[in-house]
Amino acid sequence: LRHKYRTLINETQKNRLDLIRPESKGLNDMLNKANGLFKNVKMTREAALDSQFLVLASTLGNQKASQLHTDFVTFEPHVFADKLVSFMTGRRSIPEDQDEDDDEGRRRAVRIPTAGWDKLGDDARRYFNRAPAFHFLYGSFNREAKARESRKLNRKDANKSIGPKIVPKQVTNSDENTREVTTEEVEFINKALRTLTIDEDGNVDPIDYFEFVMDPASFGRTVENIFYLSFLVKDGHARIYLNDDNLPVIEPAEPYVEAESHDRVEQSQVVVSLTVNDWKRIKKEFQISSRAFPRRVDVEKPDGPSGSGVQNGHTSSDDEDGPTPRRRRP
């Protein structure tokens with residue numbers, strides 16, 4: 001029995017191209033043979049072989065069904081039009097005494113009232129969930145692409161001078177200038193911090209954080225000072241902590257080198273949010289009316305165009321050229 005099942009499966013796979021043809025009846029014969037063998041199936045292995053053949057037969061049956069042509073009923077436009085006219089008018093579109101093949105008489109005999117179109121629309125509305133898409137009656141207008149004519153240049157035209165070529169400027173490194181300006185600003189703020197906090201004897205007197213970074217005439221410059229100062233804190237050249245009044249102060253520091261110390265220093269990162277309203281409130285509460293140190297452009301180019309108070313798109317109304325004396329609050 002198992003040998004017969006294996007033979008049946010092999011024959012089915014071998015003749016599968018002939019079995020899936022619509023006019024072929026070989027698949028039915030194979031199924032009849034399998035039904036005859038299934039009557040003697042008693043063991044699990046034999047049932048497994050029967051299931052294997054059934055899966056193969058189902059696959060071939062699906063392929064055979066997909067090749068069937070079901071266009072037995074053809075669409076006749078004039079028959080469909082006659083049914084529409086009969087539905088909308090309640091009578092035949094062709095009189096009883098008129099030949100059905102007479103198209104001219106058909107067109108003259110049809111008279112559809114407006115109520116008939118309303119009736120057709122009301123009846124067809126329930127078959128459409130949305131409005132049908134718009135289509136051209138005879139298809140869209142396909143414009144043929146005009147062949148491009150290639151004109152050969154004469155030697156005289158090639159030798160004519162058309163003027164100097166304009167070549168755009170090649171930018172090799174767009175971030176180089178930005179990094180240089182950032183480095184210079186960080187070094188300048190580091191120098192200003194040490195000048196304001198270290199006296200001639202080398203004693204360090206911390207300065208108020210807000211007093212150091214605030215520019216009362218420019219919100220943008222204040223944000224820049226906080227940004228550049230963060231590099232000093234990150235690299236260990238400056239240290240921020242709270243004094244006895246729980247106010248942040250800043251002082252110079254030496255960078256921490258892990259190899260030269262037995263203590264472990266845990267670094268933390270803080271995101272500072274500063275709005276224009278916060279800037280105005282801090283300036284009012286701490287009574288800050290001038291910068292703690294001049295701008296770098298004012299020190300390097302006091303007489304140049306940069307000394308007019310413009311830097312990185314921010315303006316300042318202060319005209320001080322030298323460092324401002326530190327204010328002491330009680």
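Going by what an unreviewed UniProt entry lists, the protein is known as Non-structural maintenance of chromosomes element 4 and is assigned to Branchiostoma lanceolatum. If you open the UniProt record of the protein and go to Subunit (unreviewed entry), you find "Component of the SMC5-SMC6 complex." The UniProt entry for the protein carries the following comment under Sequence similarities (unreviewed entry): "Belongs to the NSE4 family."

In the predicted model, the protein carries a mean pLDDT of 76, and the fraction of residues at 70 or more is 66%. Throughout residues 304–330 the model reports pLDDT below 50, and contacts reaching past four residues in sequence, or to other chains, amount to 61 contacts.

Our next topic: the packing of aromatic side chains. Given two aromatic rings, their pairing is described by the distance between the two centres and the angle made by the two planes. On inspection of all chains with the given rule, the structure shows seven aromatic pairs. Relative to Phe210, the ring of Tyr209 lies with its centre 5.6 Å away and its plane at 75°, an arrangement referred to as edge-to-face. The exposure class of Tyr209 is buried, given its relative accessible area of 12%. Ring geometry for Phe210 against Phe286: centres 5.2 Å apart, planes inclined by 40°, an arrangement best described as tilted. Within this pair, whereas Phe210 is found in helix α10 (residues 209–213), its partner Phe286 is found in the loop between α12 (276–285) and α13 (296–300), the two being separated by 76 residues in sequence. Three or more aromatic residues joined by ring pairs make a cluster, and in this case those are Phe188, Phe212 and Phe293. Stacked on the ring of Phe87, the Lys or Arg Lys119 has its end atom at 4.6 Å from the ring centre. Directly above the ring of Trp279 sits Lys283, whose terminal nitrogen or CZ lies 4.2 Å from the centroid.

In the Ramachandran plot, Asn246 falls in the positive-phi region, its phi being about 60° despite a non-glycine side chain. On the secondary structure map, Asn246 appears in the loop between β2 (238–242) and β3 (248–252). Positioned with a positive phi, Gln287 is a non-glycine residue whose angle comes to about 55°. In this fold, Gln287 is placed in the loop between α12 and α13. Take Gln287: its relative accessible area is 65%, and that puts it in the exposed class.

Its 23 residues place the ends of helix α4 (residues 44–66) 33 Å apart at the C-alpha level, agreeing with the 33 Å of an ideal helix rising 1.5 Å per residue. Contacts made by the buried residues of α4 are with α1 (2–14), α2 (16–19) and α3 (26–38).

The rules we used
Residues numbered from 1 in each chain as written. Predicted model: local features only at pLDDT ≥ 70, side-chain atom pairs only at ≥ 80, totals over all residues. Heavy atoms only, no water. UniProt positions renumbered as here; feature names shortened; annotations may be inferred. pLDDT = per-residue confidence, 0-100. Contact = heavy atoms within 4.5 Å. Phe/Tyr/Trp six-rings, centres within 6.5 Å; stacked < 30°, edge-to-face > 60°. Buried < 20%, exposed > 50% of the residue type's maximum accessible area, 1.4 Å probe, protein only. Helix = DSSP H or I, 4+ residues; strand = E, 2+ residues; numbered from the N terminus. Lys NZ or Arg CZ within 6 Å of the ring centre and 35° of its normal. Expected span 1.5 Å × (residues − 1).

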